[in-house]
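Each chain is listed here by its residues.
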Amino acid sequence: MVASAAATSDADAWKKIKWNAWGSKNVSMKLSSTDPNIAIHPSGKPVPKFVSFIQTELHGAADSAPPLKKTPSITLQEAIKRMPAPVVSKAFLNDLQLKGNQVVLDAEARLCHTVGKNYRDLWRMRNGHIQRPPDAVLLPENHEDVVKIVDAAHKHDVCLIPYGGGTNVVGAVEPDPAEVSRMVVSLDMRRMNKMLWIEAESQSACFEVGVLGPDIEEQLSRYGYVFGHDPDSHIHSTLGGWIATRSSGSQSNRYGEMEDMIVSITMVTPRGVITTPRAPRAVGVNLKEVLLGSEGVFGVVTQAIVKIQEKPDVRRFEGWLLPSFEEGCEAFRIATTKDIHPATMRLYDDDETRLSFSMKYKASFFETLLSSGVKAYAQKWKGMNLDKVALAIVGYEGSKDDVAAQKARFHKFLSRYKALCVGTGAGNSWLEKKYDLPYIRDFLLDNGLWADVLETCVDYTRAISLWRDVKQAVRDTWQKQNKRGWVGCHIGHQYKTGICLYFTFAAEQAGENDIEDRFLPLKTAAMEAIMRNRGALTHHHGVGYEHVPWMERYNGKVGVYVMQVIKESLDPKGICNPGKLLPLKDDPAKTDPENDSAKHAAMMFFKMGVLKHVVQPPPQGVRRSKL
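Since this is a predicted model, take the numbers as computed values, not measurements.

**Q** Describe the pattern of salt bridges, with residues and values.
**A** As enumerated under the stated definition, the model contains 44 salt bridges in all. A salt bridge links Lys-471 to Asp-351; the shortest N-O distance between them is 2.6 Å. In this pair, Lys-471 is assigned in helix α18 (residues 460-480) and Asp-351 in helix α13 (residues 350-358), connecting sequence segments 120 residues apart. We note that Lys-471, like Asp-351, is buried.

Right, dumping it as structure tokens:
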């Protein structure tokens, strides 16, 4: 066993991240200062076709579309003025036994820990609809600090919300506005970023769970290993967040999903500390699986033993064109059943393929000529309709010989499906831009538009019907609103029995009632389409508050009751991330309609960003104290 030091950092991570957008403060996608029809990628390179693409999708033709409308965010200072005054339990703060710099009460820190990073979150921040920020931010530095915090919170009835990288897109890190009298604390875990030990013999390592994705890989790389979990949020998300939401990364075919990659979990609950066994298999009920995906409602995860693998010698990514999404989906299904399973397999439908093409940098003359030749070959010799083609990205990892063998087998297999390999250029371009989608979303928010995502997993029998039904439900919603929009989808993960479908949609902003009039009807229609086709509420984003309205239908009332009983046992006062994952428990003294009404009234899904639930803050300088 080898011990290790922490990842280095010269400042707390929250200070480097934008409060009203994705990512680091100095990174964004913008319009060109010289040409309003050209976007500038965060790398500084021009993306000449993207603005035209989105204008065409929303207005029918770029030439007749109105110019993009600037919709800037309010300032940080104005946002702070609009924050409600905090509820402060002096007795709780006095009992903490933490260092001074581990307890942060200033307004900017509270604001920066209020929401995650979905459209609903950022629209509210940018427009000053700040309903319930945390009352304080605590910065634990080790497991023992978390034990002290949870014990004090249980004693003084203070709510705790674990906060990793803040990248969550389902509302899992936001305080419940129903908590008007209890103090709510955001527990920023990112100082807990050490690898505690590594064991080469068992290919395992133990980490504190506040460690960010790049820092996990950096610490393991010193010993020649990788973790291999690479979600689109990788740069800014943490191990604890991945555990809390049952995360899945883009190389899941090789490394597995979070439930496959975790050996053991340590969780601090109001009832005490749980450490799950680290043997290769569970005995009886798998306690680790019970805690995975619990989103902080049972307690706070502090440490995890993870599986590690030797760093691959070769990584190769390449692009393919298939005649249609339907044919590509069938090809991926058969490949998976035959164990032809490269590390990464992504398939984009026709709408997302066009988006991908629109995000190309300005090409050289040779690149343009080559691209034209590929398109001509696809049409003439492969018989492809370029309006229907589906782009696939395939990635191989391993030794040089392993990658060569994987590539040869996959190429031979796809040759049966009129597929065309377009080379490593497309694969490398995807790899370079795989973390870009949130920056595109922020660009749209700056320019009168909006975008958001949702994902699911479903068996192969219903995959294509679900894909069609969700897209049609979204388009029907826009038609009822007399609006146009764009919706695309890709397959991100494959299994023997089914796939993950990931949807992205974009439309115009409509004003101060955007959430109630535009977002909620669209999200509800999409979720109902998923439910009709027996899809999962989510694949890897988690439940948060966004999917609570469907939890009983998905898991059954008895299934949800089991989870509620576990929560009551571990968290009898309900201080652990209230309002997330689970609906209210039925009151046996009430009728079913009365219980259903009470659940609906309590759900954050129907409140956050809806103007009638946004209250004006009390005058500045007023602090609500709880002795």
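**Q** Tell me about empty space enclosed by the protein, and please be specific about residues and values.
**A** Here the structure, examined in full by the defined rule, presents seven cavities of 30 Å³ or more. Volume-wise, the second largest cavity comes out at about 90 Å³. Forming the boundary of the second largest cavity are 13 residues, of which Leu-355, Ile-440, Leu-444, Trp-486 and Ala-506 lie nearest the centre. The set of elements that each furnish at least two residues to the lining of the second largest cavity consists of α1 (50-59), α17 (437-446) and β22 (498-508). The dominant element in the lining of the second largest cavity, judged by the number of residues it contributes, is α17, at four residues.

**Q** Any details on a nonpolar patch on the surface? Residues and values, ideally.
**A** There is a patch of nonpolar side chains on the surface, built from Val-558, Tyr-561, Val-562 and Val-565 and spanning about 360 Å² of accessible area. Owing to a relative accessible area of 44%, Val-562 belongs among the partly exposed residues under this scheme.

**Q** Residues and numbers for the packing of aromatic side chains, please.
**A** According to the stated counting rule, one finds 14 aromatic pairs in the structure shown. Note on Trp-550 and Phe-605: the rings are 5.4 Å apart at their centroids and 85° apart in plane angle, and the pair reads as edge-to-face. Here Trp-550 is found in the loop between α19 (514-532) and α20 (551-555), whereas its partner Phe-605 is found in the loop between α22 (592-602) and β23 (624-626), with 55 residues between them in sequence. The residues Trp-550 and Phe-605 share a single accessibility class, namely buried. One aromatic cluster in this structure is built from Tyr-119, Trp-450, Phe-505 and Phe-519.

Calculation notes
Per chain, the residues get numbers from 1 upward, laid out in the order the sequence is written. Local features are withheld for residues below a pLDDT of 70 in this predicted model, meaning they are given only at 70 or higher, and side-chain atom pairs are given and counted only at 80 or more; totals for whole chains, interfaces and linings count all residues. Based on all heavy atoms of the structure, the side-chain values leave hydrogens and waters out of the count. Salt-bridge detection follows one rule: a side-chain nitrogen of Lys or Arg within 4 Å of a carboxyl oxygen of Asp or Glu. Secondary structure follows DSSP: runs of H or I at least 4 residues long count as helices, runs of E at least 2 residues long count as strands, and numbering of each begins at the N terminus. To sort residues, take the accessible area from a 1.4 Å probe on protein chains only and compare it with the maximum for the residue type: under 20% means buried, over 50% means exposed, and anything in between is partly exposed. Within this scheme a cavity is a closed region of a 1 Å grid, computed over the protein atoms alone, that accommodates a 1.4 Å probe without allowing it to escape, whereas a pocket is open but has protein on both sides within 12 Å along at least five of seven lines; lining residues each have an atom within 4 Å of a point. Grid points are joined across faces, edges and corners, and a volume is the space filled by probe spheres set on the points. Exposure above 30% relative accessible area and no salt bridge define the residues that can form patches, which grow by joining like charges within 9 Å and nonpolar side chains of Val, Leu, Ile, Met, Phe, Trp and Tyr within 5 Å. Where accessible areas are quoted, they stem from the Shrake-Rupley method and a 1.4 Å probe; at the residue level, only the protein chains shown are allowed to cover. Pairing of aromatic rings covers Phe, Tyr and the six-membered ring of Trp, with a centre-to-centre limit of 6.5 Å; geometry is then stacked below 30 degrees between planes, edge-to-face above 60, and tilted otherwise.

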